[in-house]
Amino acid sequence: MPERLRIVIAARGAKEFSTLHDVCEQAGHLPVAYVYSRSRKPATALSPDAAGAVGQMLQAAPPGMDFLLPGTASGLADILTGYRSDLLLVCGFNWRIPTSVLGIPTHGAINIHPSMLPKYRGPEPIQWAIRRGDTEFGITLHRMDEGFDTGNVIVQQDGIPIDDDPTPELLWHRMEPVIRKLLSQGLDRVAGGDLGEPQDETRASYAGPMEPEFLRIDWRRNTREIHNQVRTFRAMRAGSGPIAQVGERWLKVLRTRTTPGTGLRVHCADGPLWIVEHVAVPPPDNGE
């Protein structure tokens, strides 16, 4: 029978904590603490949405579950040591965790990454998949090491569809059952001492933050490219979108379509695009 693991869960939001906690318990393991990265990097200012997110997570946390907000990597190390953790389970945690911290739990740390590693390593894998017009993506459960999503693969699955309107809620709906399945399998393997399989470096690619120019639409680009640009922002969060000049107005473009329908018709390099949802914004400063 696999060892019962004491697991510290580090995640990005209430739904992630809830799903991971549920799978850990069903697999016979013990979640002992939740950890949330209140800033983009250790020892930096509070993230703008952190206060609201913390409130949601506290309401969703099971009674008696400790919810911790370390400010530094050393604080995270203290948490892992103090809770006598066997495993750190990560899903969407902002910080790059030092190797010295990853080695504290008995079985190290594992991460849930939304791509078929080694493809799209980095912080924005789904966004880059949408930007490039991919029709599907995958989930990988891998060990964490000193690199950025470079650790051994424990288990992974491809074939998760990317819808034409990929909102965060819909993406999670697609991912959640796959995460449940893979995590259940992966925890058994980790508890049994499985070290995973090395990644093929010849197939590696990196999905870093979008460049500043991506914030603005250039109507000289192709219809599908611009549509995917808008979809990329839509997948990030509600109300997010690139800006564009349409006639004399500046708009934040929230949703588009490539087939005729309601909305503002605009001309791209290879044909029309329809802006289905938008909000007015001030012109960029100094024409930038």
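Worth saying up front: this structure is predicted, and the values here are computed from it rather than measured.

> What am I meant to see in the overall build of the chain here?
Along its length, the chain carries seven helices and 11 strands. What you see for the chain is a C-alpha radius of gyration of 21 Å, in line with the 19 Å of a compact globule of 288 residues. With the C-alpha coordinates aligned to their principal axes, the bounding extent of the chain is approximately 65 × 35 × 30 Å. The buried share of the chain, taken over its 288 residues, is 49%. For the chain, the share of sequence-separated contacts (at least 6 apart) that also reach a separation of at least 24 residues comes to 65%. As displayed, the chain has an accessible area near 14100 Å², and 51% of this comes from carbon and sulfur atoms. With 31 positive and 34 negative side-chain charges, the chain shows a spacing of 3 Å between the two charge centroids.

> Got a minute to help me understand the packing of aromatic side chains in this structure?
Between two aromatic rings, the relevant description is the distance of the centres plus the angle of the planes. Counted by the stated rule, this structure contains five aromatic pairs. Seen from their ring centres, Phe17 and Phe67 are 6.1 Å apart, and the 70° between their planes marks the pair as edge-to-face. Highlighted residues: Phe17 in helix H1 (residues 14-26) and Phe67 in strand E3 (residues 67-68), separated in sequence by 50 residues. Grouping residues by exposure puts Phe17 and Phe67 together as buried. Of the aromatic side chains, those joined through ring pairs into one cluster are Phe17, Tyr34 and Phe67. Between Lys15 and the ring centre of Trp172, over which it is positioned, the NZ or CZ distance is 5.7 Å.

> I'm lost on the pattern of salt bridges in this one. Help?
As a working rule, side chains carrying opposite charge can pair if their charged atoms are close by. A full pass over the atoms with the stated rule returns 14 salt bridges. With a shortest N-O distance of 2.7 Å, Arg131 and Glu211 are connected by a salt bridge. In this pair, Arg131 sits in helix H5 (residues 125-131) while Glu211 sits in the loop between helix H6 (168-191) and helix H7 (223-236), placing the two residues 80 residues apart along the sequence. One salt bridge in this structure joins Glu277 and Arg255, with 3.5 Å as the shortest N-O distance. Placement of Glu277 in strand E11 (residues 271-280) and of Arg255 in strand E9 (residues 249-257) is noted, with a sequence separation of 22 residues between them.

> Looking at this structure, I do not really get helix H2 (residues 50-60). What am I missing?
The periodicity of an α-helix, 3.6 residues per turn, causes residues three or four positions apart to be oriented the same way. Of the positions making up H2, those classed as buried are Ala50, Ala53, Val54 and Met57. An end-on view of H2 places all buried positions within 100° of arc, on one side of the element. Opposite the buried face of H2, at more than 90 degrees from it, the exposed residues are Ala51, Gln56 and Gln59. Turning to H2, the residues buried within the fold contact H1 and E3.

> What exactly am I supposed to notice about the packing of H1 against H6 here?
Any two packed helices are characterised by how steeply their axes cross, that is the angle between the axes, and by the distance between the axes. Their axes nearest at 9 Å, the elements H1 and H6 cross at an angle of 30°. By crossing handedness, the relation of H1 to H6 is classed as right-handed. Here Lys15, Glu16, Thr19, Leu20, Asp22, Val23, Cys24 and Gln26 of H1 lie close against H6, whose contacting residues are Trp172, Glu176, Ile179, Arg180, Leu183, Ser184 and Leu187. Taken together, the residues of the contact of H1 with H6 sort by class into seven nonpolar, three polar and five charged.

> Can you walk me through H7 in this structure?
When the terminal C-alpha atoms of H7 are compared, their 21 Å separation across 14 residues agrees well with the 20 Å that a helix rising 1.5 Å per residue should span. Here H7 lies mainly inside the structure; 11 of its 14 residues are buried. Taken residue by residue, H7 has Thr223, Ile226, His227, Asn228, Gln229, Val230, Arg231, Thr232, Phe233, Arg234 and Ala235 as its buried positions.

> Before we go on, may I ask you to explain the sheet that holds strand E10 (residues 264-268) in this structure?
Strand pairing in a sheet relies on backbone hydrogen bonds, with the paired strands running either antiparallel or parallel. Read across the sheet, four strands follow the order E8-E9-E11-E10 without closing on themselves; strand pairing throughout is antiparallel. Edge positions in the open sheet fall to strand E8 (243-246) and E10, since each of these has one partner strand only. Within this sheet the neighbouring strands show an average axis-to-axis angle of 60°, counted without direction. Where E10 and E11 come together, five bridges link them in antiparallel fashion. Bridge assignment links Leu264 to a residue of E11, and that residue is Ile275. Across the sheet, H7 is in contact with E9, E10 and E11; its angle to E9 comes to roughly 90°.

Basis of the calculations
Residues numbered from 1 in each chain as written. Predicted model: local features only at pLDDT ≥ 70, side-chain atom pairs only at ≥ 80, totals over all residues. Heavy atoms only, no water. Helix = DSSP H or I, 4+ residues; strand = E, 2+ residues; numbered from the N terminus. Rg over C-alpha atoms; globule rule 2.2 N^0.38 Å. Buried < 20%, exposed > 50% of the residue type's maximum accessible area, 1.4 Å probe, protein only. Contact = heavy atoms within 4.5 Å. Areas by Shrake-Rupley, 256 points an atom, 1.4 Å probe, with all protein chains shown as cover. Lys, Arg positive; Asp, Glu negative; His and termini not counted. Charge placed at Lys NZ, Arg CZ, Asp CG, Glu CD. Phe/Tyr/Trp six-rings, centres within 6.5 Å; stacked < 30°, edge-to-face > 60°. Lys NZ or Arg CZ within 6 Å of the ring centre and 35° of its normal. Salt bridge = Lys/Arg side-chain N within 4 Å of Asp/Glu carboxyl O. Arc of directions from axis to C-beta. Axes fitted to C-alpha atoms, helices over the stretch in contact; angles between N-to-C directions. Left-handed = near helix turned anticlockwise from the far one by under 90°. Nonpolar A, V, L, I, M, F, W, Y, C, P; charged D, E, K, R; others polar. Expected span 1.5 Å × (residues − 1). Pairing = 2+ DSSP bridges.

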